[in-house]
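Spelled out from the first residue to the last, the chains are:
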Amino acid sequence: MGITFNILSIFPEIVECFVNYSLLKRAKEKNLVSFNFLNIRDFCKDKHKQVDDVPYGGGSGMILKPEPVINALSSLTDEKKGKVILLSAKGIKFNQELANKLKDEKYLTIICPRYEGIDERVKNWVDYEISIGDYVIMGGEVGACVLIEAISRLIPGVVGKEESIKYESFQDIFLEYPQYTRPFDFNGLKVPEILLSGHHRNIEKWRKDKSIEITVKNRLDLIIERKRILDRSEIEKIKELILKDYEIYVALLHYPVLNKKGEIVSTAITHMDIHDIARVCRTYGIKKYYIVTPDSEQINYALRVIRHWTEGYGKEFNPSRKEALKVIDVKKYFEEAINDVKSLTKRNLKLVGTSAKIYKKTITFSQLKEIGKNNALLLVFGTGWGLSNEIKDKMDYMLEPIYGLTDFNHLSVRSAVSIIIDRILGF
Ligand SMILES: C[S@@+](CC[C@H](N)C(=O)[O-])C[C@H]1O[C@@H](n2cnc3c(N)ncnc32)[C@H](O)[C@@H]1O
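Residues numbered from 1 in each chain as written. Predicted model: local features only at pLDDT ≥ 70, side-chain atom pairs only at ≥ 80, totals over all residues. Heavy atoms only, no water.

Here's the deal with the site of the ligand
Put simply, the test is: For each residue, the test is whether any non-hydrogen atom lies within 4 Å of the molecule or strand; if one does, the residue is near. Definition of a polar contact: a pair of N or O atoms within 3.5 Å, with one able to donate and the other able to accept a hydrogen when the atoms are protein atoms, and with sequence-neighbouring residues admitted only if both atoms are side-chain atoms. Surface exposure here means Shrake-Rupley accessible area, sampled with a 1.4 Å probe, where a residue is shielded only by the protein chains that are shown. For helices the rule is a DSSP run of H or I covering at least 4 residues; for strands it is a run of E covering at least 2, with both sets numbered from the N terminus onward. Residues are grouped as follows: Ala, Val, Leu, Ile, Met, Phe, Trp, Tyr, Cys and Pro are nonpolar; Asp, Glu, Lys and Arg are charged; all remaining types, including Gly, are polar.
Inspection of the region around the ligand gives 18 residues, with Leu-87, Glu-116, Ile-132, Gly-133 and Tyr-135 positioned closest. The separation between a nitrogen atom of the ligand and a polar main-chain atom of Ile-132 is 2.9 Å. Gly-133 places a polar main-chain atom, nitrogen or oxygen, 3.0 Å from a nitrogen atom of the ligand. Starting from 580 Å² of accessible surface for the ligand in isolation, the protein chains cover 85%. Taken together, the elements giving at least two residues each to the shell around the ligand come down to β5 (83-93) and β7 (128-131). In terms of residue count, the dominant contributor to the shell around the ligand is β5 (four residues). Looking at the shell around the ligand, its residues break down into 10 nonpolar, six polar and two charged.

Here it is as structure tokens:
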């Protein structure tokens, strides 16, 4: 029972010291885990015991040589080696799922490089190249400590109560709920009353809601990864939380936009833009979709279509279309759309232009998602050949382009609206 960790390092003492405290020390005493430290330097065959050398092709720093590492590995039989792990900032990211997978192994061998890394050819002897996070540290030893703790505590008997493992962050889809202990009142900060109620079902619900809230706020990526196992009520709660964070408006400008020659023109409204953009806006909870055109005939055309579906025959024929088209507001000038949003929102308004090009004020989707949590956003889309300079100058930010995978870069504006909205709000 338990795991034997083989640690290959030029500083095995770092890990040796680490495992001599607290629960790992006790786990060792109970034979639930054991350790075998191999100093890579001991496996050098040369007189000077040199473990590193300069990189081929030039570059800074030194590289751990392959021979002593492979000699150290070969000193273990296949059975006593088990799965071989190489710690590397370039590896797959370590997580609870991987810890769970590795906990059932009898032996794990962890290679801890130093310097600028290790000779690439060592990877031919490796089962997993693992990173502990998106940052660079000075050597693999701390990473080995992280792996040892995360894996060992999943072995029955290592942590006191198995319950404490079951309900932790990452064991489930959601991160752990907030925890409190005595005193009840700390510097005026009180423990939530519900936790003192003794009503277990309500406490459980409160904890679940908080778990979802924290995960949506800090790690939506975890939810996205494991979406398929969410139940209906969890999905509804997540949607509600994302919608609470964002207040987004969309404007589709038909003037002032550019034509092929870069001249300022006014473009015609298309029927499909009216319907498709309204439908995507309604689906993602966009507050309003402004169609902006100064042309009275175009305005009348748009209003006729909208009224047909919201008040006329279309309303009975397809009630869901009425629901979508209700989100549209037709404005003569962009300024009117801006003023309308300002009258509706309590937040600061940020104007965000969209374009296939990069500008000084271009921001990424991730930056926009952060900005959107504290501000109302008006996403501005241009028809024709895009927004005029006058409009781009007005923007607080320009959003990075959508990059396709080929040299063809001619999305319809309604496709761009859909992709952009999904990248901001989709999960
Ligand atoms: C200074 S780092 C080398 C970084 C390497 N030049 C790079 O850019 O990826 C030295 C060693 O520390 C370990 N290390 C650094 N960051 C790590 C991380 N995020 N996860 C796991 N190991 C890491 C690796 O073993 C790495 O070979």
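Re the packing of aromatic side chains
Let me state the cut-off plainly: Two aromatic rings from Phe, Tyr or Trp, using only the six-membered ring of Trp, form a pair when their centres are within 6.5 Å; if the ring planes differ by under 30 degrees the pair is stacked, by over 60 it is edge-to-face, and anything between is tilted. Working definition: with a 1.4 Å probe on protein chains only, accessible area under 20% of the residue-type maximum means buried, over 50% means exposed, and in between means partly exposed. In this scheme, the term charge over a ring applies when either NZ of a lysine or CZ of an arginine sits within 6 Å of the ring centre and within 35 degrees of the ring normal.
On inspection of all chains with the given rule, the structure shows three aromatic pairs. Relative to Phe-35, the ring of Phe-5 lies with its centre 5.5 Å away and its plane at 15°, an arrangement referred to as stacked. Taken together, the residues span a long stretch of sequence, with Phe-5 in strand β1 (residues 3-9) and Phe-35 in strand β2 (residues 33-39) at a distance of 30 residues. Judged by relative accessible area, Phe-5 falls into the buried class, the value being 0%. Phe-35 gets classed as buried once you look at its relative accessible area, which sits at 17%. With a centroid separation of 6.0 Å and 10° between ring planes, the pair formed by Phe-35 and Phe-37 is classed as stacked. You can call Phe-37 partly exposed: its relative accessible area is 24%. Members of the aromatic cluster, connected to one another through ring pairs, are Phe-5, Phe-35 and Phe-37. The ring of Phe-427 carries Lys-227 above its face, with NZ or CZ at 5.8 Å from the centroid.

A short note on the nonpolar core
Here is the rule: Buried Ala, Val, Leu, Ile, Met, Phe, Trp, Tyr and Cys residues form a nonpolar core when they are joined through side-chain atoms within 4.5 Å. The domain boundaries here were taken from an automatic or database domain assignment. By definition in these notes, contact holds between two residues if any of their heavy atoms fall within 4.5 Å.
If you look at the biggest cluster of nonpolar residues, it comprises 51 residues, and the most contacted ones within it are Val-250, Ile-274, Tyr-289, Ile-328, Leu-379, Ile-421 and Ile-424. Broken down by element, the residue count for this core peaks at seven residues, all from helix α18 (residues 413-425). Two domains each donate at least three residues to this core, and these are domain 2 (185-242) and domain 3 (246-425). If near-sequence neighbours (up to four positions away) are discounted, Ile-424 is found in contact with Tyr-246, Ile-248, Phe-365, Leu-368, Lys-369 and Leu-379.

Structural notes on the environment of Thr-270
On the secondary structure map, Thr-270 appears in the loop between β12 (264-265) and α11 (271-284). Side-chain polar atoms of Thr-270 contact the backbone nitrogen of Asp-273, separated by 3.1 Å.

A word on the pattern of salt bridges
Rules: Salt bridge, as used here: a side-chain nitrogen of Lys or Arg that lies within 4 Å of a carboxyl oxygen of Asp or Glu.
For the structure shown, the criterion picks out 24 salt bridges. Asp-119 is paired through a salt bridge with Arg-121; the nearest N and O atoms lie 2.7 Å apart. According to the relative accessible area criterion, Asp-119 is buried, its value standing at 15%. A salt bridge links Asp-329 to Lys-331, with the nearest nitrogen and oxygen atoms 3.5 Å apart. On the basis of relative accessibility, which here comes to 16%, the residue Asp-329 falls in the buried class. Through salt bridges with shared partners, one network takes in Lys-288, Asp-329, Lys-331 and Asp-340.

Remarks on helix α12 (residues 296-310)
For the record, the criterion: Each helix should span, by expectation, one fewer than its residue count multiplied by 1.5 Å. For this quantity, the arc is that covered by the directions from the helix axis to the C-beta atoms.
The end-to-end C-alpha distance of α12 is 20 Å, a good match for the 21 Å that 15 residues give at a rise of 1.5 Å each. Among the residues of α12, Gln-298, Ile-299, Ala-302, Val-305, Ile-306, Trp-309 and Thr-310 are the ones counted as buried. In an axial view of α12, the angular spread of the buried residues amounts to 130°, which keeps them on one side of the axis. For α12, the exposed residues set more than 90 degrees away from the buried face come down to Glu-297 and Arg-304. Among the structural elements, α11, α13 (313-317), α14 (319-325) and β14 (328-331) are those in contact with the buried residues of α12. Put simply, Asp-295 is the residue that caps the front of α12, since its side-chain oxygen is 2.9 Å from the backbone nitrogen of Glu-297.

Some points on the sheet that holds strand β13 (residues 288-292)
The criterion, for reference: Two strands qualify as a pair provided that DSSP identifies no fewer than 2 bridges between them. Under this scheme, a helix contributes an axis fitted over its contacting stretch, all axes are lines through C-alpha atoms, and angles between N-to-C directions fall in the 0 to 180 degree range.
Reading across the sheet, the seven strands line up as β14-β13-β10-β17-β15-β18-β16 and stay open at both edges, with parallel pairing between neighbours. The sheet is open, and its two borders are formed by β14 and β16 (362-363), each paired with just one other strand. The sheet contact formed by β16 and strand β18 (residues 397-399) spans two bridges and is parallel. The partner of Ile-363 across the bridge, within β18, is Leu-399. Most of the contacts of α11 go to β13, to which it runs at about 155°, and overall it touches β10 (247-253), β13 and β14. Along the sheet, helix α15 (residues 334-344) makes contact with β10, β13, β14, β15 (348-354) and β17 (375-382), crossing β13 at roughly 160°.

Things to note about the sheet that holds strand β6 (residues 107-111)
The parallel open sheet is built from five strands, whose spatial order is β2-β1-β6-β5-β7. The sheet terminates laterally at β2 and β7, the two strands that pair on one side only. On average, each strand axis in the sheet is inclined to that of its neighbour by 30°, with strand direction left out of account. As judged from the five bridges shared by β5 and β7, these two strands associate in the parallel manner. Looking at β7, one finds that Leu-87 is bridged to Ile-130. Lying on the sheet, helix α6 (residues 140-152) is in contact with β1, β2, β5, β6 and β7; it crosses β1 at an angle near 175°.

Honestly, it's all geometry; don't read function into it.
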